[in-house]
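Chain residues, written in single-letter form:
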Amino acid sequence: MRPASKQLRYLSLVVALGLIILVLPQAFQPWLALVAAFILLLMIDLVRLWRAPAPQANRRIGSTLAVGVARPVTISVSNTSSYKATIDLHDHYPEIMQVADQPMQRVINAGSRINLVYTATPMARGRHAFGDIDLRVHSPRGWWMRRHRIETHNNVRVFPNFASVSKYAVLGVESEAASGVQFRQRRGEGSEFHQLREYREGDTFRQIDWKATARLTRLITKEYQEERDQQIVFLVDTGRRMLTREGELSHFDHTLNAMLLLSYVALRQGDAVGFQTFGADERWVKPRKGMTTMSALTRQLFELEPEELAVDYQAAATALAARQKRRALVVLLTNIRDEDLDDLKVAFGLLCRRHVLLVASIREPGIDDVLERPVTDFHSARDYAAAHHYLQARRRTLEALNARGVILEDTSCDDLPRAIARRYLDIKRAGVL
């Protein structure tokens, strides 16, 4: 129970009127009566607030959220008192939430219920909890406030943003192009027999099935499709370099979004998808087919966070080589530096013996920004030279790895999803798996 600002204003007025006594002593009795009346009204207002039952409140929000996607949070508040009450509300939301319209103040009629809605945007994956709801109820005259803490908890799971997946939802073997991921159509060609059909203009002679042609007395060609039932294994870095933030997301979050997109594309094409993490938290999920695999992947990944640790590429490659016996497309998602070269040569040698290796190395945008700035003084010249030296060393490292038969993508976070999706489709079209 505490005084409200309205009471303090009235009290200030009463004190100010008391100063008149210094000039007009005969005004003391009227002023004293005014003070007594004011105190009586304060006590009556206080008693009414004290005797009023506590308001009721509950919160409604979905149990699953997505990073960066705003969701409404609805708090239903009931005024169980006998008077129209002003209520201040503050919700104890998780620290990782960016919210609008908090705190809130509303007037609720006696015996009425209203819904208060604010917007919450989660900025990090994982399990999070909403805490208690704080309500401050004003007295009938607004001179007092009483705090009520409503014990209620809502647990939510925040997953990677599926917008990148839904954006490319039309991707599939029947699609020729979707949002920048281009299919290179080669009619009738592929790596797995699909069906026989009549000859069409543009078919090659090597597609003609001469036995069927002789039997039916018209040209019949073989139609192929990209081979299905192949395996894609992601090798995901959870070390310190993935902590770098670009915009509102870390490099690790951008990596997960790209991984989900390519997983969706591969599953739609009939391939199996799995992953292994290395670094801070090592996890292994065997390749599985079917669209239900998307749920299994997100359940394993949504709580995963990188940590301030160096990664061991050689140990990661050794573990994957022992687990994944069948030939697969291994997609390594990381950030390569020149000091990694010796470790990477050994690791890539282990993986390339059996698998096709696609390495997606995330490029820091800050380096390009430094090169684009004008050189005006010693400090800017020093930064420019350092950035140029870094990129040269990075380029030499990537060229050395490319010479060992590794497929490389040196890309920004924004281009990462499309870059690895294009490479995957090119690899399937080429039939190298």
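Residues numbered from 1 in each chain as written. Predicted model: local features only at pLDDT ≥ 70, side-chain atom pairs only at ≥ 80, totals over all residues. Heavy atoms only, no water.

### Regarding the packing of helix α8 (residues 341-352) against helix α10 (residues 378-402)
The geometry of a pair of packed helices is captured by two quantities: the angle between their axes and the separation between those axes.
Consideration 1: Direction vectors running N to C along α8 and α10 enclose 20°, while the axes themselves pass 11 Å from each other. With respect to α10, the axis of α8 lies roughly parallel. Considering how the two elements wind past one another, α8 and α10 form a crossing that is right-handed. Residues Leu-341, Leu-344, Lys-345 and Phe-348 of α8 lie in contact with α10, whose contacting residues are Thr-397, Ala-400 and Leu-401.
Consideration 2: Tallied by class, the residues present in the contact of α8 with α10 amount to 5 nonpolar, 1 polar and 1 charged. (Axes fitted to C-alpha atoms, helices over the stretch in contact; angles between N-to-C directions. Helix = DSSP H or I, 4+ residues; strand = E, 2+ residues; numbered from the N terminus. Parallel < 35°, antiparallel > 145°, perpendicular 65-115°, else oblique. Left-handed = near helix turned anticlockwise from the far one by under 90°. Contact = heavy atoms within 4.5 Å. Nonpolar A, V, L, I, M, F, W, Y, C, P; charged D, E, K, R; others polar.)

### Side note on the sheet that holds strand β8 (residues 113-122)
Consideration 1: Overall, antiparallel pairing links the 4 strands, which are arranged β2-β4-β8-β6 in an open sheet. Whereas interior strands pair on both sides, the edge strands pair on one side only; in this sheet they are β2 (56-60) and β6 (97-100). Sheet twist, expressed as the average angle between the axes of neighbouring strands with direction ignored, equals 30°.
Consideration 2: Where β2 meets strand β4 (residues 71-78), 5 bridges bridge the pair, whose relative direction is antiparallel. Bridge pairing in β4 places Arg-59 opposite Ile-75. (Pairing = 2+ DSSP bridges.)

### Looking at a nonpolar patch on the surface
Consideration 1: Taken together, the side chains of Leu-13, Leu-17, Leu-19, Ile-20, Leu-22, Val-23, Leu-24 and Leu-34 define a hydrophobic patch exposed on the protein surface, amounting to about 760 Å² of accessible area.
Consideration 2: Given a relative accessible area of 48%, Leu-13 falls into the partly exposed group. (Patch = residues over 30% accessible without salt bridge, like charges linked within 9 Å, V, L, I, M, F, W, Y side chains within 5 Å. Areas by Shrake-Rupley, 256 points an atom, 1.4 Å probe, with all protein chains shown as cover. Salt bridge = Lys/Arg side-chain N within 4 Å of Asp/Glu carboxyl O. Buried < 20%, exposed > 50% of the residue type's maximum accessible area, 1.4 Å probe, protein only.)

### Comments concerning the pattern of salt bridges
Should their charged atoms come close, side chains of opposite charge can pair.
Consideration 1: Inspection of the entire model under this criterion finds 18 salt bridges.
Consideration 2: Between Asp-340 and Arg-241 there is a salt bridge, with its nearest N and O atoms 2.4 Å apart. In this pair, Asp-340 sits in the loop between β22 (329-334) and α8 while Arg-241 sits in the loop between β17 (231-238) and β18 (245-246), placing the two residues 99 residues apart along the sequence. An identical accessibility class is assigned to Asp-340 and Arg-241; each is buried.
Consideration 3: Notably, a salt bridge pairs Asp-410 with Arg-394, separated by 2.9 Å at the nearest N-O pair. Of this pair, Asp-410 sits in strand β24 (residues 407-411) while Arg-394 is found in helix α10, placing the two residues 16 residues apart along the sequence.
Consideration 4: Judged by its relative accessible area of 29%, Asp-410 falls in the partly exposed class.
Consideration 5: Relative accessible area serves as the criterion here: at 4%, Arg-394 is assigned to the buried category.
Consideration 6: Each of the salt bridges in this network shares a partner with another, and the network as a whole consists of Asp-132, Asp-134, Arg-147 and Arg-149.

### Some thoughts on the sheet that holds β22
Consideration 1: Pairing in this open sheet of 6 strands is mixed, and the strands run β21-β20-β17-β22-β23-β24 from one edge to the other. With partners counted over all chains shown, the strands left at the sheet margins are β21 (284-288) and β24, one partner each. Pairwise comparison of adjacent strand axes, ignoring direction, gives a mean angle of 15° for this sheet.
Consideration 2: As paired strands, β17 and β22 are joined by 5 bridges and run parallel to one another. Bridged to Val-233 within β22 is Val-330.

### A few points about the environment of Ala-54
Consideration 1: Along the chain, Ala-54 turns up in the loop between α2 (28-51) and β2.
Consideration 2: On the basis of relative accessible area, Ala-54 is assigned to the partly exposed category, the value being 40%.
Consideration 3: Spatially, the C-alpha atoms of Ala-54 and Leu-135 are 9.4 Å apart, while their sequence positions differ by 81 residues.
Consideration 4: Here Ala-54 is in contact with Thr-80 and His-148, once residues within four sequence places are set aside.

### Here we look at the confidence of the model for the chain
Consideration 1: Across the chain, the average pLDDT comes to 84, with 91% of residues at 70 or higher.
Consideration 2: Every residue in residues 176-190 is under pLDDT 50, and counting partners more than four places away or in other chains gives 47 contacts. (pLDDT = per-residue confidence, 0-100.)

### Digging into the pairing of strand β10 (residues 133-138)
Consideration 1: In terms of burial, β10 is largely enclosed, as 5 of its 6 residues are buried.
Consideration 2: Relative to strand β11 (residues 144-150), β10 runs antiparallel, the two being bridged by 6 bridges. Its bridge partner being in β11, Asp-134 is matched across the sheet by Arg-149.
Consideration 3: Following β10, the chain reverses through 5 residues before pairing antiparallel with β11; Gly-142 in that reversal takes a positive phi of roughly 80°.

### A word on unusual backbone geometry
Consideration 1: Following Gln-102, the chain continues to Pro-103 via a peptide bond in cis, the omega torsion being -10°.
Consideration 2: When you line up the elements, Pro-103 lands in the loop between β6 and β7 (104-108).
Consideration 3: In this structure, Asp-101 is a non-glycine residue whose phi angle is positive, near 65°.
Consideration 4: With respect to the helices and strands, Asp-101 occurs in the loop between β6 and β7.
Consideration 5: Its identity as a non-glycine residue notwithstanding, Thr-217 has a phi of 60°, on the positive side.

### Notes on helix α7 (residues 313-323)
Consideration 1: The set of residues buried in α7 consists of Tyr-313, Ala-316, Ala-317 and Leu-320. Looking down the long axis of α7, one finds its buried residues gathered within 95° of arc, a one-sided arrangement.
Consideration 2: In the core, the buried residues of α7 are packed alongside β17, β20 (272-279), β21, β22 and α8.
Consideration 3: In this structure Asp-312 caps α7, since a side-chain oxygen of it lies 3.1 Å from the backbone nitrogen of Gln-314. (Arc of directions from axis to C-beta. Polar contact = N/O pair within 3.5 Å; in protein donor to acceptor, adjacent residues only side chain to side chain.)

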